[in-house]
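Inside the fold
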Amino acid sequence: MKAEYINPFVKASVDILTQMTQLKFNVGRPTVKGSPCSANNIVILIGITGEIKGQAMLSFDEKMALNIVSKMMGGMEVKELDEISKSALSELGNMILGNSATLLFNAGVKVDITPPTLMMGTNLSISSDQLQPICVPLETEDNKIELNIFVKE
């Protein structure tokens, strides 16, 4: 998988997460995961179509999700993932992937994204037909988000 396909997703993720949460995110070392790949208990999954095809997945635990939603709500503490919180997380995925699509378009790669799917549960694993995800950890001082990118030309 070409780095020029991965870098826009990483840049958009860090930019949008920083803008929405005011947290500093450090990009960890990318790794290739096998399929199926395990996920934390909250997943935002968005499809990618066009010149590259696949999916992008943001995966994090409930503590991180509540922190993100609290920051998105202007600092109001959110203690549970209700429908508004889930909608905010889905919109976060939309913003990240929309920004990624724009960066890819500016680099000459035309893509579209699907509406986000928010999944919650324990022991989640995601399989993708013949695609090995690239996992990029996005870490704060006390937590992390995994950005998994499953794409092919």
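What counts and what doesn't
Residues numbered from 1 in each chain as written. Predicted model: local features only at pLDDT ≥ 70, side-chain atom pairs only at ≥ 80, totals over all residues. Heavy atoms only, no water. Helix = DSSP H or I, 4+ residues; strand = E, 2+ residues; numbered from the N terminus. Buried < 20%, exposed > 50% of the residue type's maximum accessible area, 1.4 Å probe, protein only. Contact = heavy atoms within 4.5 Å. Salt bridge = Lys/Arg side-chain N within 4 Å of Asp/Glu carboxyl O. Axes fitted to C-alpha atoms, helices over the stretch in contact; angles between N-to-C directions. Parallel < 35°, antiparallel > 145°, perpendicular 65-115°, else oblique. Nonpolar A, V, L, I, M, F, W, Y, C, P; charged D, E, K, R; others polar. Core = buried A, V, L, I, M, F, W, Y, C linked by side-chain atoms within 4.5 Å.

1. Observations regarding the environment of Ile 68
Here Ile 68 lies in helix H2 (residues 62-72). The class for Ile 68 is buried, based on a relative accessible area of 0%. Remark: the alpha-carbon pair of Ile 68 and Thr 21, spanning 47 residues in sequence, is separated by 6.0 Å. Sequence-distant contacts of Ile 68, that is, excluding residues within four places in its chain, are made with Leu 17, Thr 21, Leu 89, Leu 92 and Ile 145.

2. Observations regarding the pattern of salt bridges
Following the criterion strictly, the structure yields 5 salt bridges and no others. For Lys 86, the salt bridge identified is with Glu 83, shortest N-O distance 3.6 Å. One end of the pair, Lys 86, and the other, Glu 83, are both in helix H3 (residues 83-106), 3 residues apart, so they sit about a helical turn from each other. Among the residues examined, Glu 83 registers a relative accessible area of 60% and is labelled exposed. Shared partners join several salt bridges into a network, and the residues in it are Lys 33, Lys 144 and Glu 146.

3. Let's talk about unusual backbone geometry
The phi dihedral of Gln 22 falls on the positive side, at around 60°, and the residue is not glycine. The topology assignment puts Gln 22 in the loop between helix H1 (3-21) and strand E1 (26-27). On the basis of relative accessible area, Gln 22 is assigned to the exposed category, the value being 66%.

4. Things to note about the packing of H2 against H3
Packing of H2 against H3 brings their axes to within 10 Å, and their N-to-C directions diverge by 85°. Here H2 lies roughly perpendicular to H3, going by the angle between them. In this structure, H2 uses Ala 65, Ile 68, Val 69 and Met 72 to contact H3, whose residues at the interface are Ser 85, Ala 88, Leu 89, Leu 92 and Met 95. Its residues assigned to classes, the contact of H2 with H3 shows 8 nonpolar, 1 polar and no charged.

5. Here's the deal with the nonpolar core
Grouped together as the largest cluster of nonpolar side chains are 41 residues, with contacts concentrated most on Phe 60, Leu 89 and Ile 145. Apart from residues no more than four positions distant in its own chain, Phe 60 is found in contact with Asn 40, Asn 41, Ile 42, Ile 44, Ala 65, Leu 89, Lys 144 and Ile 145. By size, the runner-up hydrophobic cluster in this structure holds 9 residues, among which are Cys 37, Val 43, Leu 45 and Met 57.

6. Topic: the side chain of Ser 13
Residue position: Ser 13 is located in helix H1. Relative accessible area serves as the criterion here: at 0%, Ser 13 is assigned to the buried category. When near neighbours in sequence (up to four residues on either side) are disregarded, Ser 13 contacts Leu 58, Ile 96, Leu 138 and Leu 147.

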